[in-house]
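The primary structure of each chain is shown beneath.
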Amino acid sequence: MLNKIKGLMESEEKIKEIHDKLSSHNENLNKQNEIIQTMHSEVSNIKTNLNNFHNDSSEHISQLKNELEGIKDVKTQIHSELDDLKLLKTQIKQQLVSELTRDFKTELQANVERIKTDVKSYNDLKQSLQAITGKIEQVKSEMDKFNKIASNIKEKDFTLEKHEKKLKDFSNEKYELLKKIDALEKLVGKERRRR
C-alpha cells in the first residue's frame with residue numbers, strides 16, 4: 001500500500017511536472033502565436049505596401065512609356081525640321097550664288113558694252129581727227145602755195161579788192177579750221193582723262 005501511495009505520489013509529481021511543462025509550453029505557444037500574428041500583420045502590411053508600390057510603379061512606368069513616346073515623336077519632328085533646314089539652307093545658298101552670278105554677269109556685260117562704245121567713240125574721234133589733220137595739211141599746203149604766189153606777183157597784176165576778198169575767205173576758213181582742231185584736241189584730252 002505504501003508502494004501504491006508512493007507510486008501515486010510519484011505519479012502526481014510527474015503529472016505536476018508534466019502539467020508545469022505543458023503550461024510553460026502553452027505559454028511559449030501563446031507567445032509564438034502572438035509573434036506569428038505580429039509577423040502575419042507585418043507581412044500583410046508589406047504585401048499591401050508591395051501592391052501599392054507595384055501599382056504606383058506600373059502607373060509611373062506607363063507615364064514614362066507615354067513620355068518616351070512623346071520624346072520619340074519630338075525627336076522625329078526635330079530630325080524632320082533639321083532636314084528641312086538643311087534643304088532650305090542649300091536652296092538659299094544656290095539661289096544666292098545664282099543671283100550673285102547673274103548680277104555679276106549683267107554688270108560685267110554692261111561694263112563691256114560701255115567699254116566697246118567708248119572704244120568705238122575713241123576710234124571715230126581718232127579717224128575724224130586724222131581726217132581734219134589731213135585737211136589742215138592740205139590747207140597749209142595751199143596757203144604755202146598762195147603765199148609763194150603772193151610774194152612773187154606784183155601789186156599791179158591784180159585788183160586789190162578781188163584778192164583781199166579771197167584772202168579774207170582763206171583767213172576765215174583757216175580760223176574755222178583752227179577752232180575745230182582746238183575743239184577736237186579738247187575732246188580727245190577729255191576722253192583720255194576719262195579713261
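The present account deals with the structure reproduced in this document. (Residues numbered from 1 in each chain as written. Predicted model: local features only at pLDDT ≥ 70, side-chain atom pairs only at ≥ 80, totals over all residues. Heavy atoms only, no water.)

**Overview of a nonpolar patch on the surface**
Taken together, V74, I78, L82, L85, L88 and I92 make up a surface patch of nonpolar side chains, about 530 Å² in accessible area. Within the fold, V74 resides in helix 1 (residues 2-152). (Patch = residues over 30% accessible without salt bridge, like charges linked within 9 Å, V, L, I, M, F, W, Y side chains within 5 Å. Areas by Shrake-Rupley, 256 points an atom, 1.4 Å probe, with all protein chains shown as cover. Salt bridge = Lys/Arg side-chain N within 4 Å of Asp/Glu carboxyl O. Helix = DSSP H or I, 4+ residues; strand = E, 2+ residues; numbered from the N terminus.)

**Digging into the environment of K135**
In this fold, K135 is placed in helix 1. A relative accessible area of 52% places K135 in the exposed class. Sequence separation between K135 and L177 is 42 residues, and the spatial gap between their C-alpha atoms is 8.8 Å. (Buried < 20%, exposed > 50% of the residue type's maximum accessible area, 1.4 Å probe, protein only.)

**Quick notes on the nonpolar core**
Among the nonpolar cores identified, the biggest contains five residues, and these are L125, I132, I136, I181 and L184. Looking at this core, the elements with two or more residues in it are helix 1 and helix 2 (160-194). If you tally residues by element for this core, the top one is helix 1, at three residues. In this structure I136 touches L177 and I181, once residues within four positions along its chain are discounted. (Core = buried A, V, L, I, M, F, W, Y, C linked by side-chain atoms within 4.5 Å. Contact = heavy atoms within 4.5 Å.)

**Comments concerning the pattern of salt bridges**
Counting across every chain of the model gives two salt bridges. A salt bridge links K120 to D124; the shortest N-O distance between them is 3.3 Å. Of the two residues, K120 and D124 are both situated in helix 1; the distance of four residues between them amounts to about one turn of the helix. The exposure class assigned to D124 is partly exposed, which follows from its relative accessible area of 34%. In this structure, K186 engages D182 in a salt bridge whose closest nitrogen and oxygen atoms are separated by 3.9 Å. Within this pair, K186 and its partner D182 are both found in helix 2, separated by four residues, close to a single helical turn.

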